[in-house]
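Okay, here's what each chain looks like letter by letter:
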Amino acid sequence: MKLSSLQKYILKQTLQSNRAKISRVVLEKFYSNIKKAPAKKIRANIITKSIERLIDKGLLVGFGEKTQHKLFIRHIKLTPKGKKITLGLLGKQAELPFRKKK
């Protein structure tokens, strides 16, 4: 599955967070290291589209408000599938529950 650098950043931040749900404000820090970062309004649109695409892939769950015309995502949370893929991005292997021999 191909993921952009912003999508990888989103997944890593949600995994490394101490809380189950994280706010969108945390994701704004992605653009702090980029020299030619887009304007703030464009950043919000880019982050929104990335989050929506990750939700469509089944890697995230979005929490927010839904109006008649628009969806406002305030917080996000990893799904089990998203956690598995994120651990793969970090290079960690999941431990298997081997039974100990007596």
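Residues numbered from 1 in each chain as written. Predicted model: local features only at pLDDT ≥ 70, side-chain atom pairs only at ≥ 80, totals over all residues. Heavy atoms only, no water.

**Structural notes on the overall build of the protein**
Piece 1. The helix and strand tally for the protein stands at 3 helices and 3 strands.
Piece 2. When the helices and strands of the protein are placed in sequence order, the string is α-β-α-β-β-α.
Piece 3. Its C-alpha atoms put the protein at 60 × 35 × 25 Å along the principal axes.
Piece 4. Looking at the protein as a whole, 25% of its 102 residues qualify as buried.
Piece 5. Put simply, 53% of the contacts in the protein that link residues at least 6 apart link residues at least 24 apart.
Piece 6. If you average the places of the 27 positive and of the 5 negative side-chain charges in the protein, the two averages end up 7 Å apart. (Helix = DSSP H or I, 4+ residues; strand = E, 2+ residues; numbered from the N terminus. Buried < 20%, exposed > 50% of the residue type's maximum accessible area, 1.4 Å probe, protein only. Contact = heavy atoms within 4.5 Å. Lys, Arg positive; Asp, Glu negative; His and termini not counted. Charge placed at Lys NZ, Arg CZ, Asp CG, Glu CD.)

**Considering the sheet that holds strand E3 (residues 71-78)**
Piece 1. Strand order across the open sheet formed by 3 strands is E1-E3-E2, with antiparallel pairing between neighbours. The sheet is open, and its two borders are formed by strand E1 (22-23) and strand E2 (60-66), each paired with just one other strand.
Piece 2. Note that E2 and E3 share 7 bridges and pair antiparallel. In the strand pairing of E3, Glu65 is matched with Phe72.
Piece 3. Contacts between helix H2 (residues 40-56) and the sheet are confined to E2 and E3, with E3 contributing the most and set at about 55° to the helix. (Pairing = 2+ DSSP bridges. Axes fitted to C-alpha atoms, helices over the stretch in contact; angles between N-to-C directions.)

**A few points about the environment of Lys2**
Piece 1. Of note, Lys2 is situated in the segment before helix H1 (5-16).
Piece 2. Those residues in contact with Lys2 that sit more than four places away from it in its chain are Gln7 and Lys57.

**With respect to the pairing of E3**
Piece 1. In this sheet, E3 lies alongside E1 in antiparallel orientation, the contact comprising 2 bridges. Bridge pairing in E3 links Ile22 to Ile76.

**Comments concerning the side chain of Thr79**
Piece 1. Checked against the element boundaries, Thr79 lands in the loop between E3 and helix H3 (80-90).
Piece 2. Taking relative accessible area as the criterion, Thr79 reaches 16% and is therefore assigned buried.
Piece 3. In this structure the side chain of Thr79 is engaged in a polar contact, spanning 2.7 Å, whose partner is the backbone oxygen of Gly58.
Piece 4. Sequence-distant contacts of Thr79, that is, excluding residues within four places in its chain, are made with Gly58, Leu59, Leu60 and Val61. (Polar contact = N/O pair within 3.5 Å; in protein donor to acceptor, adjacent residues only side chain to side chain.)

Everything listed here is a matter of coordinates, which is why it stays silent on function.
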